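An overview of the molecular structure
For reference, the chains in residue letters:
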Amino acid sequence: MQYAAAGTGAEILADFCDVFPSVGKTWGIVVGDVCGKGSAAAKATALARHTLRSAARRQTRPSRILAHLNEMLLDWPTEDPRFLTAIYATVRAVHRGAQVRISVAGHPLALVRTANGRVHDLREAGTLLGVLARPELHDVQRLLRPMTA
């Protein structure tokens, strides 16, 4: 994973990514973007990151973790509410690769590059978070294997 900061450094942006241990031997990976810039967006980013880490200590299903974040955003007592997009993945090492389960909430779809060089998306988009009480969220599961030389 690679992360490059956007902007000149003079403004506070609300893009975020994180990788952290989850339940058992799984890892949580998130990439997200809060609407807007400035301190209000930064606060929503902090809420999102900490909520996701907390939910991932009890759950491995990405759609449920994102649904929990949605509830927190809707219940957040702020005068400047924010919505966000995110893609959340749970990764677990298995015998011949990694078992990955992904859910997308209004974010660009996850891309997979196969051994033959083809790139395809995981085709299950969901709705953004912080707007609807019941966002549409789906889990997609794939076995990723290392590419051989």
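Only a predicted model underlies this, so the values are computations on that prediction, with no experimental measurement involved.

Focus: a nonpolar patch on the surface
A cluster of nonpolar side chains, contributed by Phe83, Val131 and Leu132, occupies part of the molecular surface with about 250 Å² of accessible area. Positionally, Phe83 belongs in the loop between helix H2 (62-75) and strand E3 (84-94). You can call Phe83 partly exposed: its relative accessible area is 35%.

Considering the confidence of the model for the chain
Overall, the predicted model of the chain reaches an average pLDDT of 88, with 91% of residues at or above 70. Within the chain, H2 carries the highest mean pLDDT (96), whereas strand E5 (residues 111-113) carries the lowest (83).

Digging into the pairing of strand E2 (residues 26-34)
Here E2 shows a clear split, with Thr26, Gly28, Val30, Gly32 and Val34 buried on one side and none of Trp27, Ile29, Val31 and Asp33 buried on the other. Sheet topology note: the strand E1 (residues 15-21)/E2 ladder contains seven bridges and is antiparallel. Bridging from a neighbouring strand, Cys17 pairs with Val31 of E2. The loop that links E1 with its antiparallel partner E2 comprises four residues; one of these, Gly24, has a positive phi angle of about 60 degrees.

Points about the pattern of salt bridges
One pass over the full model with this rule turns up four salt bridges. Here Arg49 and Asp18 are joined by a salt bridge, their closest N and O atoms 3.2 Å apart. Taken together, the residues Arg49 in helix H1 (residues 39-56) and Asp18 in strand E1 connect sequence positions 31 residues apart. According to the relative accessible area criterion, Asp18 is buried, its value standing at 8%. Residue Asp18 is joined to Arg53 by a salt bridge in which the shortest nitrogen-to-oxygen separation is 2.8 Å.

Quick look at H1
With 18 residues, H1 should reach 26 Å at 1.5 Å per residue; the first-to-last C-alpha distance of 26 Å fits that figure. Among all positions in H1, only Ala40, Ala41, Ala44, Thr45, Ala48, Thr51, Leu52, Ala55 and Ala56 are buried. The arc enclosing the buried residues of H1, seen along the axis, measures out at 140 degrees, which places them on a common side. Of the exposed residues in H1, the ones pointing more than 90 degrees away from its buried face are Lys43 and His50. On its buried side, H1 packs onto E1, E2, H2 and E3.

Cut-off values and rules
- Residues numbered from 1 in each chain as written.
- Predicted model: local features only at pLDDT ≥ 70, side-chain atom pairs only at ≥ 80, totals over all residues.
- Heavy atoms only, no water.
- Patch = residues over 30% accessible without salt bridge, like charges linked within 9 Å, V, L, I, M, F, W, Y side chains within 5 Å.
- Areas by Shrake-Rupley, 256 points an atom, 1.4 Å probe, with all protein chains shown as cover.
- Salt bridge = Lys/Arg side-chain N within 4 Å of Asp/Glu carboxyl O.
- Helix = DSSP H or I, 4+ residues; strand = E, 2+ residues; numbered from the N terminus.
- Buried < 20%, exposed > 50% of the residue type's maximum accessible area, 1.4 Å probe, protein only.
- pLDDT = per-residue confidence, 0-100.
- Pairing = 2+ DSSP bridges.
- Expected span 1.5 Å × (residues − 1).
- Arc of directions from axis to C-beta.
- Contact = heavy atoms within 4.5 Å.

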